[in-house]
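The lines below spell out each chain.
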Amino acid sequence: MILNKLANKSTARYSLVMTRLARLRAGQRGVIDSFHHSHHDPRLATRLMEMGLTVGSEIEVAYEAPFGGALAVRCRGTLIALRLGDAEIVEIRLTAGADEP
Amino acid sequence: MTRVALVGSPNSGKTTLFNALTGSRQKTGNYAGVTIEKKEGIIELAPGRQATLLDLPGAYSLDARTPDEAITAEMVRGARADESRPEIVIAVADSTNLERNLYLVLQLKEQKLPLVVALTMSDLAEKQGIEVRREKLEQALGVPVVVTSAVKRRGLKELIDEVRGLADRGAEAPVPGPAIDVDNSSARIIERYQTIEATLKSAVSRKQTARDVTRAIDRVLLHKVLGPLILFVAFALMFQLIFSFAKIPMDALAAAVSLLQDKLRAALPPGDFQSLLVDGVIAGVGAVVVFLPQILLLFAFILLFEDSGYLARAAFILDRLMSRVGLSGRAFIPLLSSFACAIPGIMASRTVENRRDRLITIMVSPLMTCSARIPVYTMLIAAFVPATRVFGVFTLQGLVMSGLYFFGIVAALVVAAVLKRTVLKSGTSSFVMELPTYKIPSARNLLLGLYDRARIFLRRAGTIILGVSVVLWALATYPKTEAPRGLDDKAVAAYRLEHSIAGRAGRAFEPLIRPLGYDWKIGVALISSFAAREVVLSTLGTVYAIGYDKENNTALVNRVRQEKTFTLATAVSLLVFYALALQCVSTIAITRRETNSWRWPAFMFAYMTTLAYTMSWLAYRVVTFLA
């Protein structure tokens, strides 16, 4: 939560606030910084990159799954659903918070 | 003949383009060793000059993650032993989503096969204010590009012309041989996307348009509260419609089957041949064919949900539930299909990425209430559940029916959870899936899809069910015994069945099924329905000597009510047994093909029979105790 608040206050486009994609709430945006290793699926990072989630691209959490557990993110104009466990491997540099228009 | 392959991401409009190019000149088969549907069609490059068009399974990348993608990658790279490499590739890319779709196009280009890019859904792109400059795109990609719209039938001729041009050049200089490895280092992936960004910058402009329709719909359908609610209502409505609508054609079909039986009985001289044809072939095949309307209606809904883009959302909404039992959200689609029939359900499991998760999905699919169980449920419910109203709107019978559906779902989820923790142990599975933009489903796709399903279903009825019906007829007819004098026709039939091989087997079987509350007559029915559960009603009809009438089963219902040994406890036990047992030869066959071993169908049969036996015994005990 503190991270999110910090990010909301930050107006800089390239903030230094880092977090994981899994921790973003609907409406929050960021830039993909790097990928961590996924223990349950070693090829996950590659597939995410192939689906357009490349390092440096902008990403926005569009929806949280109604029962939780998953996110739908928008990246390169495509909506992609992924589990929180999978989103946990994506390191994000926050750019905007949910409170901004 | 020249072989041309259509390659594209899922939801890229590939199948629609395939249907538009080939029309009804298609045939479906399977790739050797896997049950992945292989679709081929014929296209005419010039008058009298034909080519084969292959519709390869949708893939996001040539670095395959699913069995589906593996087929596509192997085909494109010429790595399959049973299939030669296509000479020409049509790369399909959705005009409204080029940034993502060009990725596969670039990978295909790296394979150095003669390539033409078909941009699909150009009509939609125009509506959304996306302008694609074809020449610029061609220049940037270095391959021919054709703008098409299958709905408006635009660009199809140009596409064929490009393919012919490539074929002509191929005849002069044959296609290069060895496959090229797919380089998937992150540097390479980023490089591809940089190429795409540069390409789009020069070739595509996007005017600011009215609000994105997909976003507007998603705000409602993926809403935290409304989303699940709409999902529930949509599926409840679907089942309601399937059962009320399908009843009309089903009754008509059933009447047609009885009419045919009567006509044949009147036209043919009585004897073994008449009996084989009327009571064996037509009764057996007819009992199954009657379900065609219901199965087609269910498929129509699934195809519509899938084509519109809603099915992927449903998987996203229900993912939490699926992950609780250890399945991927993608498993939702096969499980939903299993409500029609476990066979398409098991076939749909190939979109599940993780091999163990896929096996779990296959193992539990037959527990979902398929349409073959409906007649059994209907008969037993009509016989033992009073038609009282509950809360004014529901009937008790309807509620018991829904309860049985719920029972099937719970059984499937529990077994999945157990398998995930024992036999098919694996860690958390991932779930990554594109949620496509909403589209209006194409009527052509729907009709061709239904036609395909109907053909597969009828072929099954004409082979497996036909064979089983004949065998069962023989078992229930021979050896022939003289019935005592003074019995009427129906009693003679019952007497003969009792002394036939099936009847004797039923008696031999009795001690084994006694604990479940069944007598030898139900035993005969169980034996006959081990191949296909829907056969049980006609067998019971014969055992109880009432001449089973398919138009309405009141006669059977009344007869069952009178039977002393047929108590409420027996009925409940039988319902539980039919809900849990694997009584379907086709399911065993498809599982064998899909898993490529006898181990999994054997395991499936063993666990389901054990489960059915134990639970039925338990149900019988509990109900006897309570009553």
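Residues numbered from 1 in each chain as written. Chains lettered and ligands numbered in written order. Predicted model: local features only at pLDDT ≥ 70, side-chain atom pairs only at ≥ 80, totals over all residues. Heavy atoms only, no water.

Draft legend 1. Looking closely at the overall build of chain A. Scanning chain A for helices and strands turns up three helices and six strands. Secondary structure elements of chain A occur, N-terminal to C-terminal, as α-β-β-α-β-β-β-α-β. The burial tally for chain A puts 58% of its 101 residues in the buried class. Taking contacts inside chain A between residues at least 6 apart in sequence as the whole, the part at least 24 apart equals 65%. Roughly 4300 Å² of accessible area belongs to chain A as shown, and the carbon and sulfur atoms make up 57% of that amount. (Helix = DSSP H or I, 4+ residues; strand = E, 2+ residues; numbered from the N terminus. Buried < 20%, exposed > 50% of the residue type's maximum accessible area, 1.4 Å probe, protein only. Contact = heavy atoms within 4.5 Å. Areas by Shrake-Rupley, 256 points an atom, 1.4 Å probe, with all protein chains shown as cover.)

Draft legend 2. Representation of the nonpolar core within the structure. Residues and elements named next belong to chain B. Core analysis: the largest hydrophobic core is formed by 104 residues, its most contacted members being Met238, Phe332 and Phe566. Not counting residues within four places of it along the chain, the set of residues in contact with Met238 comprises Leu298, Phe301, Phe305 and Leu336. With 36 residues, the next largest nonpolar core counts Ala5, Val7, Leu108 and Leu137 among its residues. (Core = buried A, V, L, I, M, F, W, Y, C linked by side-chain atoms within 4.5 Å.)

Draft legend 3. Region of the structure containing helix 18 (residues 396–421) of chain B. With 26 residues, helix 18 of chain B extends 37 Å between its outermost C-alpha atoms, agreeing within 8% with the 38 Å of an ideal straight helix rising 1.5 Å per residue. Listing the buried residues of helix 18 of chain B in full gives Met401(B), Leu404(B), Tyr405(B), Gly408(B), Ala411(B), Ala412(B), Leu413(B), Val415(B), Ala416(B), Ala417(B), Leu419(B) and Lys420(B). (Expected span 1.5 Å × (residues − 1).)

Draft legend 4. The arrangement of unusual backbone geometry in detail. Following Tyr478(B), the chain continues to Pro479(B) via a peptide bond in cis, the omega torsion being -10°. Of note in this structure, Arg76(A) is not a glycine but carries a positive phi near 50°. The residue Arg76(A) is located in the loop between strand 4 (70–75) and strand 5 (78–83) in this model. Positive phi outside glycine occurs at Asn596(B), with the angle close to 60°. Along the chain, Asn596(B) turns up in the loop between helix 26 (585–595) and helix 27 (599–626).

Draft legend 5. Looking closely at empty space enclosed by the protein. Residues and elements named next belong to chain B. Applying the stated criterion across every chain, the model contains two cavities of 30 Å³ or more. Taken together, 15 residues line the largest cavity, and the ones lying closest to its centre are Cys341, Cys370, Ala372, Arg460 and Glu534. Elements supplying a minimum of two residues to the lining of the largest cavity: helix 15 (342–348) and helix 19 (443–477). For the second largest cavity, the calculated volume is near 50 Å³. In this structure, the second largest cavity is lined by eleven residues; those nearest its centre are Ile242, Gln294, Leu298, Phe339 and Ser371. Of all the secondary-structure elements, those providing two or more residues to the lining of the second largest cavity are helix 9 (226–267) and helix 11 (292–308). Among the residues making up the lining of the second largest cavity, the classes are represented as nine nonpolar, two polar and no charged. (1 Å grid on protein atoms, 1.4 Å probe; cavity = no way out; pocket = protein on both sides within 12 Å on 5 of 7 lines; lining within 4 Å. Points joined across faces, edges and corners; volume = space filled by probe spheres on them. Nonpolar A, V, L, I, M, F, W, Y, C, P; charged D, E, K, R; others polar.)

Draft legend 6. Quick look at the pattern of salt bridges. Counted according to the given criterion, the structure contains 36 salt bridges over all chains. Arg47(A) is the salt-bridge partner of Glu50(A), the closest N and O atoms lying 3.8 Å from each other. A residue pair is termed a helical-turn pair when its members lie 3 or 4 positions apart in one helix, as Glu50(A) and Arg47(A) do in helix 2 (residues 44–50) at three residues. Residue classification places Glu50(A) among the buried positions, given a relative accessible area of 2%. Measuring nitrogen to oxygen at the nearest pair gives 3.7 Å for the salt bridge that ties Lys224(B) to Glu64(A). Within this pair, whereas Lys224(B) is found in the loop between helix 8 (213–221) and helix 9, its partner Glu64(A) is found in strand 3 (residues 58–64), the two belonging to separate chains. With relative accessibility at 43%, the residue Lys224(B) sits in the partly exposed group. Overlapping salt bridges bring together Glu110(B), Asp183(B), Arg188(B), Glu191(B) and Arg192(B) as one network. (Salt bridge = Lys/Arg side-chain N within 4 Å of Asp/Glu carboxyl O.)

Draft legend 7. Here's a closer look at the interface of chain A and chain B. Listed as interface residues are 32 residues of chain A and, on the opposing side, 43 residues of chain B. Buried surface at the junction of chain A and chain B, both sides included, amounts to about 3400 Å², of which 56% is carbon and sulfur. For the interface between chain A and chain B, the tally reads six salt bridges. The salt bridge involving Glu197(B) is made with Arg76(A); its shortest N-O contact spans 2.8 Å. Our count for the contact surface shared by chain A and chain B stands at 21 residue pairs in polar contact (both at pLDDT 80 or more). Only helix 2, strand 3, strand 4 and strand 5 of chain A provide two or more residues apiece to the side of chain A that touches chain B. Here the side of chain A that touches chain B is composed, by residue class, of 16 nonpolar, seven polar and nine charged. (Buried area = accessible area lost by both parts, 1.4 Å probe. Polar contact = N/O pair within 3.5 Å; in protein donor to acceptor, adjacent residues only side chain to side chain.)

Draft legend 8. Here's a closer look at the packing of aromatic side chains. Residue and element names in this part refer to chain B. Per the counting criterion, the structure on display carries eleven aromatic pairs over all chains. Summarising the aromatic geometry, the rings of Trp473 and Tyr478 are spaced 5.8 Å apart at their centres and angled 90° between planes, so their arrangement reads as edge-to-face. Aromatic pair Trp600 and Phe603: ring centres 5.8 Å apart, planes at 85°, arrangement edge-to-face. Of the two residues, Trp600 and Phe603 are both situated in helix 27; the distance of three residues between them amounts to about one turn of the helix. For Trp600, a relative accessible area of 9% corresponds to the buried category. Accessibility expressed as a relative area gives 25% for Phe603, which makes it partly exposed. An aromatic cluster is present here, built from Phe235, Phe305, Tyr310 and Phe332 joined pairwise through their rings. Sitting over the face of the ring of Tyr438, Arg313 holds its NZ or CZ atom 4.2 Å from the ring centroid. (Phe/Tyr/Trp six-rings, centres within 6.5 Å; stacked < 30°, edge-to-face > 60°. Lys NZ or Arg CZ within 6 Å of the ring centre and 35° of its normal.)

Draft legend 9. A look at the pairing of strand 3 of chain A. Residue and element names in this part refer to chain A. Of all the seven residues making up strand 3, six are buried; the element is thus mostly covered by neighbouring parts of the structure. For strand 2 (residues 29–35) and strand 3, the ladder comprises three bridges, and the chain directions are antiparallel. Residue pairing across strands places Arg29 opposite Glu60, the latter belonging to strand 3. Sheet analysis places strand 3 next to strand 4, joined by four bridges and oriented antiparallel. When the sheet's bridge partners are listed, Val61 is paired in strand 4 with Val73. Between the antiparallel neighbours strand 3 and strand 4 lie five residues, among them Gly68 with a positive phi of about 80°. (Pairing = 2+ DSSP bridges.)

Draft legend 10. Structural view of the side chain of Glu60(A). Residues and elements named next belong to chain A. Note on placement: Glu60 falls in strand 3. In this structure, Glu60 is buried with no salt-bridge partner, the nearest side chain bearing the opposite charge being Arg74 at 4.2 Å. Leaving out residues up to four positions away in the same chain, Glu60 has contacts with Gly27, Gln28, Arg29, Ala72, Val73 and Arg74. (Lys, Arg positive; Asp, Glu negative; His and termini not counted.)

Draft legend 11. Fine view of the pairing of strand 1 (residues 2–8) of chain B. Residues and elements named next belong to chain B. Buried residues dominate strand 1, accounting for six of its seven residues. By the bridge criterion, five bridges tie strand 1 to strand 4 (residues 49–55) in an arrangement that is parallel. Counterpart to Thr2 in the pairing with strand 4 is Ala51. By the bridge criterion, five bridges tie strand 1 to strand 5 (residues 88–94) in an arrangement that is parallel. Residue pairing in the sheet places Ala5 in a bridge with Val89 of strand 5.

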